[in-house]
Amino acid sequence: RWSAIITLERAQLLPAIVFIFSRAGCDGAVRQLVGSGARLTTPREAAALAQIAARHTEGLSHHDRAVLDYDFFLDALQRGIAAHHAGILPAFKAIVEEGFAAGLIKVVYATETLALGINMPARTVMIEKLVKYNGEAHVDITPGEYTQLTGRAGRRGIDTEGHAVIVGGPRFYAAAAASLASRRTYPLRSAFRPTPN
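To start, this report covers the structure provided alongside it. (Residues numbered from 1 in each chain as written. Predicted model: local features only at pLDDT ≥ 70, side-chain atom pairs only at ≥ 80, totals over all residues. Heavy atoms only, no water.)

**Some points on the packing of helix α3 (residues 43-57) against helix α5 (residues 70-78)**
Argument step 1. Closest axis-to-axis distance for the α3/α5 pair is 9 Å, and the angle between their directions is 145°. Crossing angle aside, the handedness with which α3 passes α5 is right-handed. Residue-level inspection shows Ala 46, Leu 49, Ala 50, Ala 53, Ala 54 and Thr 57 of α3 in contact with α5, the latter providing Tyr 70, Leu 74, Leu 77 and Gln 78. (Axes fitted to C-alpha atoms, helices over the stretch in contact; angles between N-to-C directions. Helix = DSSP H or I, 4+ residues; strand = E, 2+ residues; numbered from the N terminus. Left-handed = near helix turned anticlockwise from the far one by under 90°. Contact = heavy atoms within 4.5 Å.)

**A few points about the pattern of salt bridges**
Argument step 1. If you walk through the whole model with that rule in mind, you get 5 salt bridges.
Argument step 2. With a closest N to O distance of 3.2 Å, Arg 79 and Asp 75 form a salt bridge.
Argument step 3. For Arg 79, a relative accessible area of 14% puts it in the buried group. (Salt bridge = Lys/Arg side-chain N within 4 Å of Asp/Glu carboxyl O. Buried < 20%, exposed > 50% of the residue type's maximum accessible area, 1.4 Å probe, protein only.)

**Focus: the environment of His 85**
Argument step 1. Tracing the backbone through its elements, the reader meets His 85 in the loop between β2 (81-84) and α6 (90-101).
Argument step 2. Expressed as a C-alpha distance, the spacing of His 85 and Thr 111, which sit 26 residues apart in the sequence, is 5.6 Å.
Argument step 3. The contact partners of His 85, leaving out residues within four places of it in the chain, are Arg 23, Cys 26, Asp 27, Lys 93 and Thr 111.
Argument step 4. Only 2.9 Å separates the side chain of His 85 from the side chain of Asp 27, close enough to count as a polar contact.
Argument step 5. A polar contact is formed between the side chain of His 85 and the backbone nitrogen of Gly 87, at a distance of 2.9 Å. (Polar contact = N/O pair within 3.5 Å; in protein donor to acceptor, adjacent residues only side chain to side chain.)

**Comments concerning the packing of helix α2 (residues 23-35) against α5**
Argument step 1. For the pair α2 and α5, interaxial distance at closest approach is 10 Å and the crossing angle is 65°. It follows that α2 is roughly perpendicular to α5 by the angle criterion. Note on packing geometry: the crossing formed by α2 with α5 is left-handed. For the pair formed by α2 and α5, the contact residues are Val 30, Arg 31 and Val 34 on the first element and Phe 72, Asp 75 and Ala 76 on the second.
Argument step 2. In the contact of α2 with α5, the residues fall into 4 nonpolar, no polar and 2 charged. (Parallel < 35°, antiparallel > 145°, perpendicular 65-115°, else oblique. Nonpolar A, V, L, I, M, F, W, Y, C, P; charged D, E, K, R; others polar.)

Any functional reading would require information beyond the geometric quantities listed.
Written as structure tokens, this is what we have:
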């Protein structure tokens, strides 16, 4: 993961949202990057992020901060790295959203719920796998899901184009990725079933 982020940084493709299809995966990715010594912010950016965090968490007690592993969250945040998913505290979400919108957070690991309506402008979207667990089985993402995720790339009024990156792996097929990216018509499968009642 760190080498992928370094590649994006060298190509000037940060800030980025990296989609991982599990909450634990997002949290694990942040831990992995912090454990590797990653730092993507300047001292001034780190200080600004600390101020944002302090403002949003001033009502939390010392005990609450310990239970929520706030010290680790703050350390990762000041390095320019964060997770965003339904399992994190609303105050932490607000910190991540504000810090990312201000261009201070460089990498956010997020579940696909981030692709739905939250204003977090990214230059690049990275997708780690083209397979997700749908509650019953591991299935390929659909062209519609791919479009929804990659549609987050490109900051309005800042970037002339957005970038979508798919991480290759042992089960990666370039033809499948090309098919997702080039498909523009999606079958509509209605769940509406009228009955006499």
